[in-house]
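# Topology and contacts: notes
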Amino acid sequence: MSETTFVRADAAEVVSDAPGSLITLLADTAGFTTNRATLSRGVFGTPAHFHTRATELFFVLGGTLQVLVDDELHSLEKGDFLAVPPTVPHAFGPQKDSDADVLVVFTPGMDRFDYYRLLDRVARGEADPKEIAASSAQYDNHYVDSPLWRQARADAA
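Because the structure is a prediction, the values reported are computed rather than measured.

Glancing now at unusual backbone geometry. Here T107 and P108 are connected by a cis peptide whose omega angle stands at 0 degrees. With respect to the secondary-structure elements, P108 resides in the loop between β9 (100-107) and α1 (113-123). The backbone of D140 sits at a positive phi, close to 50 degrees, despite the residue not being glycine. Tracing the sequence through the fold places D140 in the loop between α3 (136-139) and β10 (142-143).

Let us look at a nonpolar patch on the surface. Taken together, the side chains of F59, L61 and F81 present a nonpolar region at the surface, about 270 Å² in accessible area. Locating L61 in the fold gives a position in strand β5 (residues 55-69). Residue classification places L61 among the partly exposed residues on the basis of a relative accessible area of 32%.

Enumeration according to the criterion identifies 3 aromatic pairs in this entry. For the ring pair F58 and F92, a centre distance of 5.0 Å and an interplane angle of 65 degrees mean the geometry is edge-to-face. In this pair, F58 is assigned in strand β5 and F92 in strand β8 (residues 90-94), connecting sequence segments 34 residues apart. Residue placement shows R112 over the ring face of F106; its charged tip is 4.4 Å from the ring centre.

Relative to strand β6 (residues 72-77), β5 runs antiparallel, the two sharing 6 bridges. Residue L68 lies in a different strand from β6, and its bridge partner there is L73.

What follows deals with the pattern of salt bridges. Applying the stated criterion to the full structure yields 7 salt bridges. Two residues, D101 and R36, come together in a salt bridge whose shortest N-O distance is 2.4 Å. Taken together, the residues span a long stretch of sequence, with D101 in strand β9 and R36 in strand β3 (residues 33-39) at a distance of 65 residues. Residue D101 is classed as buried on the basis of its relative accessible area of 14%. One continuous salt-bridge network, built from bridges that share partners, spans E13, D114 and R117.

Next up on the list: the side chain of R153. Along the chain, R153 falls in helix α4 (residues 147-156). The buried charged residue R153 lacks any salt bridge partner; its closest oppositely charged side chain belongs to D155, at an N-O distance of 9.2 Å. There is a polar contact of 2.8 Å between the side chain of R153 and the backbone oxygen of F44. Leaving out residues up to four positions away in the same chain, R153 has contacts with V43, F44, Q66, G93 and P94.

Turning to the pairing of strand β1 (residues 13-18), a few remarks are in order. Here β1 pairs with strand β2 (residues 21-28) via 5 bridges, running antiparallel. Across the sheet, residue A18 finds its bridge partner in β2, namely S21. Turn length for the β1-β2 hairpin, with the two strands adjacent in sequence and antiparallel, is 2 residues, and the turn residue G20 shows positive phi of about 85 degrees.

Before going further, it helps to spend a moment on the environment of F92. The buried category is assigned to F92, whose relative accessible area is 7%. Residues F92 and L65, spaced 27 residues apart in sequence, show a C-alpha to C-alpha distance of 6.8 Å. Aside from chain neighbours lying at most four places away, what touches F92 is A37, L39, F44, G45, T46, E56, F58, L65, Q66, V67 and W149.

Reading the values: rules and limits
Residues numbered from 1 in each chain as written. Predicted model: local features only at pLDDT ≥ 70, side-chain atom pairs only at ≥ 80, totals over all residues. Heavy atoms only, no water. Helix = DSSP H or I, 4+ residues; strand = E, 2+ residues; numbered from the N terminus. Patch = residues over 30% accessible without salt bridge, like charges linked within 9 Å, V, L, I, M, F, W, Y side chains within 5 Å. Areas by Shrake-Rupley, 256 points an atom, 1.4 Å probe, with all protein chains shown as cover. Salt bridge = Lys/Arg side-chain N within 4 Å of Asp/Glu carboxyl O. Buried < 20%, exposed > 50% of the residue type's maximum accessible area, 1.4 Å probe, protein only. Phe/Tyr/Trp six-rings, centres within 6.5 Å; stacked < 30°, edge-to-face > 60°. Lys NZ or Arg CZ within 6 Å of the ring centre and 35° of its normal. Pairing = 2+ DSSP bridges. Lys, Arg positive; Asp, Glu negative; His and termini not counted. Polar contact = N/O pair within 3.5 Å; in protein donor to acceptor, adjacent residues only side chain to side chain. Contact = heavy atoms within 4.5 Å.

In structure tokens:
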């Protein structure tokens, strides 16, 4: 028997990994992990990374999202959807001169809420950034270098 997941917006925990970047934690189950990323214009977004076990789904609720998938840049508008399968390097942030509001879903679920809380603690100076790298296997978040993404984000700043 399946279990229903229901989260009221005003009861959801909100964390931040950088000024202007909010992560609303919605659900973290065995089947899926879901959050809402609210990114203000000029925010870097995520570094390039990949997951070995989960597909990451993006649905743009508002604004424009710039996304790196492998070595290609894409602009996603309100209503656009993207699914990134395991092992594919990707990154995302608001398009230049735009905010972005995005529903992000991982399937299967990855028990990631503590990862987002770690990002929040690092952003507030309460945890060492080295803890992020040390947690890559635990949270299936593996960073990679992407000169294309670094340049795209510099251009968007």
